[in-house]
Amino acid sequence: MSSAIFQVQSFLIVMLMIYGVYNRKIRFKHVKIMKTVIIWDLLLVAQIELTRSAVLKASKVVSNPAILNIHVSLAVSTVILYAFIFYTGNKLNKGDEKIRKWHKPLGFVTLTTRILTLITSNLI
Ligand code: HEM
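Note that the structure is a prediction, hence the values are computed from the model and not measured.

> Which residues make up helix 5 (residues 100-121), and what values go with them?
Here helix 5 contains 22 residues, and its C-alpha end-to-end distance of 31 Å stays within 8% of the 32 Å for a straight helix at 1.5 Å per residue. Among the residues of helix 5, Gly-107, Thr-110, Arg-114 and Thr-117 are the ones counted as buried. What you see down the axis of helix 5 is that its buried residues fit within an arc of 95°, all on one side. Counted as exposed and oriented over 90 degrees from the buried face of helix 5: Lys-101, Pro-105, Phe-108 and Ile-119. Residues of helix 5 that are buried sit in contact with helix 1 (2-22) and helix 4 (66-93).

Below is the structure:
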């Protein structure tokens, strides 16, 4: 049951992220949507950890199936990328245009890893 709730949330987060990237030129809308996406996604990670001890299961790298290790790597990469996208996004929002050349590619990499996290979660 909880798995279905996690899957629905994960799908909605990805949809919201795509909507936020689509609105990347409308600054106030983009910033508000993306902050919501990041906070919601971190709350989802917390829910999964608290109900399933995901970190303990994920840490058994040697005995876990390859697809689970790939999924965990993508999920961890996404969370790390959130820190960078948040930092560069805040700077850009404060007028530091030099950071745009980092925020843009980081944004597309983060979007890609998050979509692949959703896809691989369905293959486990
Ligand atoms: C996963 C999260 C995010 C993704 C995928 C993302 C992606 C993008 C992309 C692709 C652009 C367009 C850059 C360009 O065309 O030059 C952009 C612009 C921007 N982003 Fe983000 N972003 C994310 C999160 C954030 C966050 C958290 C903030 C602020 C705290 C932020 C602030 C901005 C600002 C201020 C712009 C410039 C908008 C403008 O041109 O006026 N972004 N973002």
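From this point, the narrative continues.
> Before we move on, can you summarise the nonpolar core with the specific residues and values?
In terms of nonpolar packing, the biggest core is built from 7 residues, these being Ile-13, Met-17, Met-34, Val-37, Ile-38, Tyr-82 and Ile-85. Among the secondary structure elements, those contributing two or more residues to this core are helix 1, helix 2 (27-52) and helix 4. In terms of residue count, helix 2 provides more of this core than any other element does, 3 residues in total. Aside from chain neighbours lying at most four places away, what touches Ile-13 is Val-37, Trp-40, Asp-41 and Leu-44.

> Describe the site of the ligand, with residues and values.
Taken together, the neighbourhood of the ligand is formed by 23 residues, with Arg-24, Met-34, Gly-89, Asn-93 and Gly-107 sitting nearest. Put simply, the parts of the chain that give the shell around the ligand at least two residues each are helix 1, helix 2, helix 4 and helix 5. Among the elements that make up the shell around the ligand, the one with the highest residue count is helix 5 (7 residues).

> Give me helix 2: which residues, what numbers.
When the terminal C-alpha atoms of helix 2 are compared, their 37 Å separation across 26 residues agrees well with the 38 Å that a helix rising 1.5 Å per residue should span. Of all the positions in helix 2, only His-30, Met-34, Val-37, Ile-38 and Asp-41 are classed as buried. On the buried face of helix 2, the contacting elements are helix 1 and helix 4. At the exit of helix 2 stands Ser-53, carrying a positive phi of roughly 45°.

> Provide a residue-level description of the packing of helix 2 against helix 4, including the pertinent values.
Packing of helix 2 against helix 4 leaves a shortest axis separation of 11 Å and a crossing angle of 155°. The angle between the axes of helix 2 and helix 4 places the two elements in the roughly antiparallel class. As helix 2 runs across helix 4, the sense of the crossing is left-handed. Contacts between helix 2 and helix 4 pair Val-31, Met-34, Ile-38 and Val-45 from the former with Val-79, Tyr-82, Phe-86, Gly-89 and Asn-93 from the latter. When grouped by side-chain class, the residues that make up the contact of helix 2 with helix 4 number 7 nonpolar, 2 polar and no charged.

Definitions and limits used
Residues numbered from 1 in each chain as written. Predicted model: local features only at pLDDT ≥ 70, side-chain atom pairs only at ≥ 80, totals over all residues. Helix = DSSP H or I, 4+ residues; strand = E, 2+ residues; numbered from the N terminus. Expected span 1.5 Å × (residues − 1). Buried ≥ 20, exposed ≤ 12 C-beta atoms within 10 Å, placed from the backbone. Arc of directions from axis to C-beta. Contact = placed C-beta atoms within 7 Å. Core = buried A, V, L, I, M, F, W, Y, C linked by C-beta atoms within 7 Å. Near = placed C-beta within 6 Å. Axes fitted to C-alpha atoms, helices over the stretch in contact; angles between N-to-C directions. Parallel < 35°, antiparallel > 145°, perpendicular 65-115°, else oblique. Left-handed = near helix turned anticlockwise from the far one by under 90°. Nonpolar A, V, L, I, M, F, W, Y, C, P; charged D, E, K, R; others polar.

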